[in-house]
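# Coordinate inspection notes
Take a look at the letters that make up each chain.
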Amino acid sequence: MLKSLALARPKKRLFLGLLLASEFFVAAALYGLWIICCPGLENIFEYLPAIVGAFLIFVSTFSFGALCNMVLAVKGLPTLKLFHRYSFAIIKFLFPVSVRIGKIFGIKRRQIEGSFVAVSNLIFMKSGIKVPAKKLLVLSPHCLQLSSCPHKITRDPNNCKRCGGCNVGDLMKLSEEMGFTFFVATGGTLARQVVMKNRPQAVLAIACERDLMSGIQDVYPLPAVGVLNIRPNGPCFNTRVDMDEVRRVLDKIVEEKNS
Ligand code: SF4
């Protein structure tokens with residue numbers, strides 16, 4: 001059951017398509033605004049409409065280039081590094097527009113966020129990032145812990161007794177077996193503190209679509225891969241994670257010890 005829930009993967013083209021649609025919408029809106037403002041700008045300075053127009057064309061072309069770069073990355077084709085650092089800034093700017101456009105077509109925000117995570121994960125995997133286990137930080141949300149568990153694991157996950165009641169015990173066992181750092185974070189602030197303190201080379205985050213979307217952007221340029229949690233009891237309560245999927249991702253990103 002958990003596996004079938006986890007395999008309901010969001011489509012990558014949904015996010016990219018909505019971002020491109022948002023890009024065209026914003027460019028058209030800026031063009032309309034520029035037309036309206038032209039007479040006023042001309043009154044200030046004769047060449048101001050041309051200067052503002054050139055700036056808007058530059059911004060629109062640049063962000064379109066960054067989006068095309070993302071499409072190339074998803075397709076596994078060569079990309080321009082110049083665009084990489086601006087991609088998430090552009091996503092942050094266009095995302096609210098994408099959500100509104102998605103709403104018109106009956107697409108839920110969560111689906112779009114899930115599609116972002118799928119795109120981001122694919123780019124991560126295609127970039128062939130491999131890190132030693134001790135340089136990998138695995139973060140999970142607090143809601144993964146069984147709500148009735150009396151042990152305080154948020155400051156020290158070693159307090160978990162591995163009773164089998166939730167996936168925290170499974171992740172603890174896996175971290176001992178493989179050697180990665182595992183931490184349970186109660187929120188984005190604590191997660192950021194843990195990242196700052198541990199200085200990992202990569203992060204594997206387990207969370208819902210919304211938290212993964214913001215978390216992956218927050219830790220950039222640190223590479224981060226996301227695994228969606230499973231919510232059989234609704235959001236933020238006794239959530240689960242598909243451990244087979246976690247292992248599959250770990251196998252791809254953790255360097256073999258003798259390599
Ligand atoms: S596995 Fe650990 S965290 Fe989960 S219920 Fe058991 S003791 Fe608590």
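What you see is a predicted model; the values in this text were computed from it and never measured.

Here we take up helix H2 (residues 12–44). Here H2 contains 33 residues, and its C-alpha end-to-end distance of 46 Å stays within 8% of the 48 Å for a straight helix at 1.5 Å per residue. If you check which residues of H2 are buried, you get Lys-12, Leu-14, Phe-15, Leu-18, Leu-19, Ser-22 and Glu-23. Those residues of H2 hidden inside the fold are in contact with helix H3 (48–74), helix H4 (81–104) and helix H5 (109–126).

Next up on the list: the sheet that holds strand S3 (residues 202–207). The strand order across the open sheet formed by four strands is S2-S1-S3-S4, and the pairing between neighbours is parallel. With partners counted over all chains shown, the strands left at the sheet margins are strand S2 (181–185) and strand S4 (224–228), one partner each. Neighbouring strand axes in the sheet, compared pairwise and without regard to direction, differ in orientation by 20 degrees on average. Of the strand pairs in this sheet, strand S1 (residues 136–141) and S2 are connected by five bridges, and their pairing is parallel. The residue of S2 that forms the bridge with Leu-137 is Thr-181. Packed on one face of the sheet, helix H6 (residues 167–178) meets S1 and S2 and runs near 155 degrees to S2. Those strands touched by helix H8 (residues 209–219) are S1, S3 and S4, and its axis lies near 175 degrees from that of S4.

Let us now look at the domain arrangement of the protein chain. Here the protein chain is partitioned into domain 1 (2–125) and domain 2 (129–253). Between the C-alpha centres of domain 1 and domain 2 there is a distance of 29 Å. In this complex, domain 1 contributes 16 residues to the contact, which on the side of domain 2 involves 19 residues. For the side of domain 1 that touches domain 2, the secondary structure elements donating two or more residues are helix H1 (2–6), H4 and H5. Here the element with the most residues in the side of domain 1 that touches domain 2 is H5; it accounts for nine residues. Tallied by class, residues from the side of domain 1 that touches domain 2 come to eight nonpolar, three polar and five charged.

The next thing to look at is the site of the ligand. Near the ligand you find 13 residues, and of these Cys-149, Cys-160, Cys-163, Gly-165 and Gly-169 are the closest. For the shell around the ligand, the class distribution of residues is seven nonpolar, four polar and two charged.

Rules of the game
- Residues numbered from 1 in each chain as written.
- Predicted model: local features only at pLDDT ≥ 70, side-chain atom pairs only at ≥ 80, totals over all residues.
- Helix = DSSP H or I, 4+ residues; strand = E, 2+ residues; numbered from the N terminus.
- Expected span 1.5 Å × (residues − 1).
- Buried ≥ 20, exposed ≤ 12 C-beta atoms within 10 Å, placed from the backbone.
- Contact = placed C-beta atoms within 7 Å.
- Pairing = 2+ DSSP bridges.
- Axes fitted to C-alpha atoms, helices over the stretch in contact; angles between N-to-C directions.
- Domains from an automatic or database assignment.
- Nonpolar A, V, L, I, M, F, W, Y, C, P; charged D, E, K, R; others polar.
- Near = placed C-beta within 6 Å.

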